[in-house]
Amino acid sequence: MNDAVLRVEGLSTYYYTDKGVVRAVDGVDLVVGENEVVGVVGESGCGKSTLAASVMRLLQPPAKIVKGSIFFRNVNLLELPEEEMRKIRGKKISMIFQNPASYLNPLLTVEEQMVESMTLHLRISKQEAASRAVNILEKLGISAPDTVIKYYPHQLSGGMKQRVMIGMAISCNPELVLADEPTTALDPTIQVQILEQLLELRKNLGLSMVVITHDLGVAKAICDKIYVMYAGKIVEEGKVGDVFNRPLHPYTYGLLESALSVYEKDRPAKFIDGAPPKLVEEIKGCYFANRCFNKVDRCLIEYPHPSFKNGRKVYCWNPVGD
Amino acid sequence: MSLLKVEDVFKLFPVRPDIFGRAKKFVHAVDGVSFSVEEGEIFGVIGESGCGKTTLARLIVGLIDYDRGSIKIKGEEVSEVKRLDVERFRRTVQMVPQDPVMAFNPRKTIKHFLTRPLLLHGGLGREEAVSRAHQLLEEVSLTPADFFLDRYPHELSVGQRQRVLIARALSLNPDLLVADEPVSYLDVSVRGQIINLLKEVHKKRRITVLLISHDLSVVYHLCSRIAVMYLGKVVEILDARDLFSKSLHPYTQALVSSFSVGFGISRGERIVLKGEVPSPIEPPSGCRFHPRCSFATDVCRKLEPKPLFSDGRLVACHLYDRL
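How each quantity is defined
- Residues numbered from 1 in each chain as written.
- Chains lettered and ligands numbered in written order.
- Predicted model: local features only at pLDDT ≥ 70, side-chain atom pairs only at ≥ 80, totals over all residues.
- Heavy atoms only, no water.
- Helix = DSSP H or I, 4+ residues; strand = E, 2+ residues; numbered from the N terminus.
- Rg over C-alpha atoms; globule rule 2.2 N^0.38 Å.
- Buried < 20%, exposed > 50% of the residue type's maximum accessible area, 1.4 Å probe, protein only.
- Contact = heavy atoms within 4.5 Å.
- Areas by Shrake-Rupley, 256 points an atom, 1.4 Å probe, with all protein chains shown as cover.
- Lys, Arg positive; Asp, Glu negative; His and termini not counted.
- Charge placed at Lys NZ, Arg CZ, Asp CG, Glu CD.
- Salt bridge = Lys/Arg side-chain N within 4 Å of Asp/Glu carboxyl O.
- Pairing = 2+ DSSP bridges.
- Axes fitted to C-alpha atoms, helices over the stretch in contact; angles between N-to-C directions.
- Buried area = accessible area lost by both parts, 1.4 Å probe.
- Parallel < 35°, antiparallel > 145°, perpendicular 65-115°, else oblique.
- Left-handed = near helix turned anticlockwise from the far one by under 90°.
- Nonpolar A, V, L, I, M, F, W, Y, C, P; charged D, E, K, R; others polar.
- Domains from an automatic or database assignment.
- Polar contact = N/O pair within 3.5 Å; in protein donor to acceptor, adjacent residues only side chain to side chain.
- 1 Å grid on protein atoms, 1.4 Å probe; cavity = no way out; pocket = protein on both sides within 12 Å on 5 of 7 lines; lining within 4 Å.
- Points joined across faces, edges and corners; volume = space filled by probe spheres on them.

Novice: So what's going on with the overall build of chain A? Which residues, and what values?
Specialist: Scanning chain A for helices and strands turns up eleven helices and twelve strands. Against the globule reference of 20 Å for 322 residues, chain A gives a C-alpha radius of gyration of 21 Å, in line with a compact fold. If one aligns the C-alpha atoms of chain A with their principal axes, the spans along those axes are about 65 × 50 × 40 Å. Counting only residues that meet the buried cut, chain A has 56% of its 322 residues in that class. Long-range contacts, defined here as pairs at least 24 residues apart, represent 64% of the contacts in chain A between residues at least 6 apart. Accessible area of chain A: about 14,300 Å², with a carbon and sulfur share of 51%. Looking at chain A, you have 38 positive and 38 negative side-chain charges, and the mean spots of the two groups are 2 Å apart.

Below, the structure is given as structure tokens:
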């Protein structure tokens, strides 16, 4: 597995709060191959954004990476001094954030924001960087990019802001882009445009991508492989088609049922009873057991070991359909 | 009989008015909207952000006043009833707000939250109000009700808070319930519970519901008919069963295609619209959808399409000359 762009091994990120230690990311393994789009799917509070922030090393106290390693092209990012990490962050690995409105600086023009990282990382002049920025925006489907670049963020629509965010993320030719809910703040007709754009970038620039989303439809539309996350842990991974057509973990199964049952008119909407566990408490056994329809005695005693099947991996003592 | 009748309603918000309240420009939030909702039906309104669906809800509930047109609930003009007898009006129509976090006063218990309307509008004494609140909590399956009555909002999950909001909206036995994005704050795995609760309440009480949502699957699932809004106008009204397969307006078709991205619910090629929703301050001439429509012709650019009606169905598009 040496050709992996990103290899996360046994990563644990905890938040040390007054109320106890929150195990937001708890022993996560994840591999992103060359030119691959990998989805991390889960619901609010499952740790997916903390996972992305860990890879970028953007965590602030009380969050702390306590275990594991993050290999980017076989270099462990967690062992790099901050100075080295700064050369990678924004250049080789970049990030698209969930809410472009709050990540763009309202006091700087689009140009000022886009140029900064290029002058730093590519060591080019401001003029060169500015013309590069115009080029990028044009490729991202912004008409009149030389006007737009002089705008302040409040003058842009939601879709345009997200395009500018994407533009900033790809401006230094990154090898890996982490996209945290890249289309959640957008309306459906704009969401489709942005998704198509991401797919095009992947094709044209040979990018690898990690797409973090709660939206199963988005994951299905653009990912090759997905990881399903629940309560800080990966519960299932596999090729998108496999996971969607034949989910193995009862959580994945329930999540898909919940989403798809609403598309049927004449039967009750499906849901998963109960709520995810509080991650400060000690949990014995499988974290999903209290909500699971398929549990067996062992689930309450021991956290499931992974089982492997046709390139798929599931953490469950009693997978669906076995 | 139609319980709610909206006829040619306009609401314009002034942009940067001068000190005399005069403005040169207006946001055309609701721009000549007409539809009617039959008694006992769940009627859906869909559209993207800024299309005017929440403004429409606020007009119907009487939180803001319309500039022109008429909104009638049970045959009575909303602006009139509101002026003459606001308490009676509040008992006629209630709203389930969008945000289950912002809607609560964090310092007050659920008991306070639920008994307020009963004390103010319901004419109940304190004890009666508490026992009524108890019943309401049971109706929305928050049991044991005594436990929940003494809780503060932060002690409840988002789903539980959403149930309390529904209970409160029902507390005065309104004829019309306006639900603005009632499930948009919920995770997919728990969303179904609230959807089923709304269905149950509707069936038991035979209450009329106006459901506003950007989530097409939710509207499809719950509603009998659906109005599609674009830039302050209703472009299509159709039977919910036709939403994914038999819509007529090119905007509805594009919306359906974009929404179900990945799940492949709609038939045919994915439709990717050009550009973005234009500004509602200076909406495009002719048909408002023409700059993004791949079927647009000269007539679309110049002339606003007249809505065509037939059997409760409506489409406003030059592509069709009859239904």
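Novice: I'd like to hear about the pattern of salt bridges, residue by residue, with values.
Specialist: Inspection of the entire model under this criterion finds 36 salt bridges over all chains. Of the charged contacts in the structure, one is a salt bridge between Lys150(A) and Glu111(A), with a shortest N-O distance of 2.7 Å. Placement of Lys150(A) in the loop between helix H6 (145-148) and helix H7 (158-170) and of Glu111(A) in helix H4 (residues 110-121) is noted, with a sequence separation of 39 residues between them. The partner of Asp65(B) in a salt bridge is Lys82(B), and the shortest N-O contact between them spans 2.6 Å. Of this pair, Asp65(B) sits in the loop between helix H1 (53-61) and strand E4 (68-73) while Lys82(B) sits in helix H2 (residues 78-84), and the two are 17 residues apart along the sequence. Relative accessible area serves as the criterion here: at 46%, Asp65(B) is assigned to the partly exposed category.

Novice: Quick rundown of the environment of Pro153(B)? Include the residues and the values.
Specialist: Residue and element names in this part refer to chain B. Structurally, proline 153 is set in the loop between helix H6 (145-149) and helix H7 (158-170). Counting along the chain gives 98 residues from proline 153 to tyrosine 251, while the straight-line C-alpha distance between them is 40 Å. Proline 153 has contacts with Phe104, Asn105, Pro106, Lys108, Ile110 and Arg161, leaving out every residue within four places of it along the chain.

Novice: Describe the side chain of Thr92(B), listing the residues and the values that go with them.
Specialist: Residue and element names in this part refer to chain B. As for its position among the elements, threonine 92 is in helix H3 (residues 86-92). With a relative accessible area of 13%, threonine 92 lands in the buried category. In this structure threonine 92 touches Ile73, Lys74, Pro174, Asp175 and Leu176, once residues within four positions along its chain are discounted.

Novice: Run through the sheet that holds strand E7 (residues 176-180) of chain A, naming residues and quoting values.
Specialist: Residue and element names in this part refer to chain A. On the basis of which strands lie adjacent, the open sheet formed by eight strands has the order E6-E7-E8-E3-E9-E10-E12-E11 and mixed pairing. Edge strands, defined here as strands with exactly one partner in the open sheet, are strand E6 (93-96) and strand E11 (306-309). Across this sheet, the average inter-strand angle for adjacent strands is 20 degrees, counted without regard to direction. For strand E3 (residues 37-41) and strand E9 (residues 225-230), the ladder comprises four bridges, and the chain directions are parallel. Across the sheet, residue valine 38 finds its bridge partner in E9, namely lysine 225.

Novice: Which residues make up the pairing of strand E9 (residues 225-230) of chain B, and what values do they have?
Specialist: Residue and element names in this part refer to chain B. Judged by how many residues are buried, E9 sits mostly within the fold: six of six residues are covered. Burial along E9 is two-sided: the residues Arg225, Ala227 and Met229 and Ile226, Val228 and Tyr230 are all buried. Bridging between strand E3 (residues 42-46) and E9 involves four bridges; their strand directions are parallel. Directly across from phenylalanine 43, in E9, lies its bridge partner arginine 225.

Novice: Residue-level account of the interface of chain B and chain A, with values.
Specialist: The interface is formed by 37 residues belonging to chain B together with 40 residues belonging to chain A. Summing both sides of the interface, chain B and chain A together bury roughly 3,200 Å²; the carbon and sulfur share of this comes to 57%. Taken together, the connections running from chain B to chain A amount to one salt bridge. With a closest N to O distance of 3.1 Å, Arg241(B) and Asp266(A) form a salt bridge.

Novice: Which residues make up the packing of helix H11 (residues 250-261) of chain A against helix H8 (residues 188-205) of chain B, and what values do they have?
Specialist: At a minimum axis distance of 8 Å, the contact between H11(A) and H8(B) shows a crossing angle of 45 degrees. Taken together, the axis directions place H11(A) and H8(B) in an arrangement best described as oblique. Between H11(A) and H8(B) lies a crossing of left-handed hand. In contact with Leu255(A), Ser258(A) and Ala259(A) of H11(A), H8(B) contributes Val188(B), Ser189(B) and Arg191(B). Of the residues in the contact of H11(A) with H8(B), the class split is three nonpolar, two polar and one charged.

Novice: Describe in detail the domain arrangement of chain A, supporting the description with residues and values.
Specialist: All names here are of chain A. For chain A, the domain assignment lists domain 1 (6-92 + 178-273) and domain 2 (106-173). Look at where the C-alpha atoms of domain 1 and domain 2 centre, and you get two points 26 Å apart. Carbon and sulfur atoms supply 61% of the area that domain 1 and domain 2 bury against each other, a total of about 1,100 Å² over both sides. Sorting the residues of domain 1 by area buried against domain 2 places Lys91, Ile194 and Gln197 first, and these three jointly supply 43% of that buried surface. Linking domain 1 to domain 2 there are four residue pairs in polar contact (both at pLDDT 80 or more). Elements that contribute at least two residues to the side of domain 1 that touches domain 2 include exactly helix H2 (82-88) and helix H8 (188-205). If one sorts the elements of the side of domain 1 that touches domain 2 by residue count, H8 sits on top with seven residues. Of the residues that constitute the side of domain 1 that touches domain 2, the class distribution is eight nonpolar, three polar and four charged.

Novice: Tell me what's going on with the layout of surface pockets, and back it up with residues and numbers.
Specialist: All names here are of chain A. Taken as a whole, the second largest pocket holds about 890 Å³ of empty space. Along the walls of the second largest pocket sit 24 residues, with Arg89, Gly90, Ser117, Leu120 and His121 positioned nearest its centre. Listed by contribution, the elements that provide at least two residues to the lining of the second largest pocket are H2, E6, H4 and H7. Within the lining of the second largest pocket, the residues separate by chemical class into eleven nonpolar, six polar and seven charged. Taken domain by domain, the makeup of the lining of the second largest pocket includes at least three residues from each of domain 1 (6-92 + 178-273) and domain 2 (106-173).

Novice: Got a sec to walk through the pairing of E9(A)? Specific residues and values, please.
Specialist: Residues and elements named next belong to chain A. Burial of E9 is extensive: six of the six residues sit out of reach of the surface. Bridging between E9 and strand E10 (residues 233-239) involves six bridges; their strand directions are antiparallel. Looking across to E10, one finds that methionine 229 is bridged to isoleucine 234. Hairpin geometry of E9 and E10 is characterised by an intervening segment of two residues between the two adjacent antiparallel strands and by a positive phi of about 50 degrees at alanine 231.

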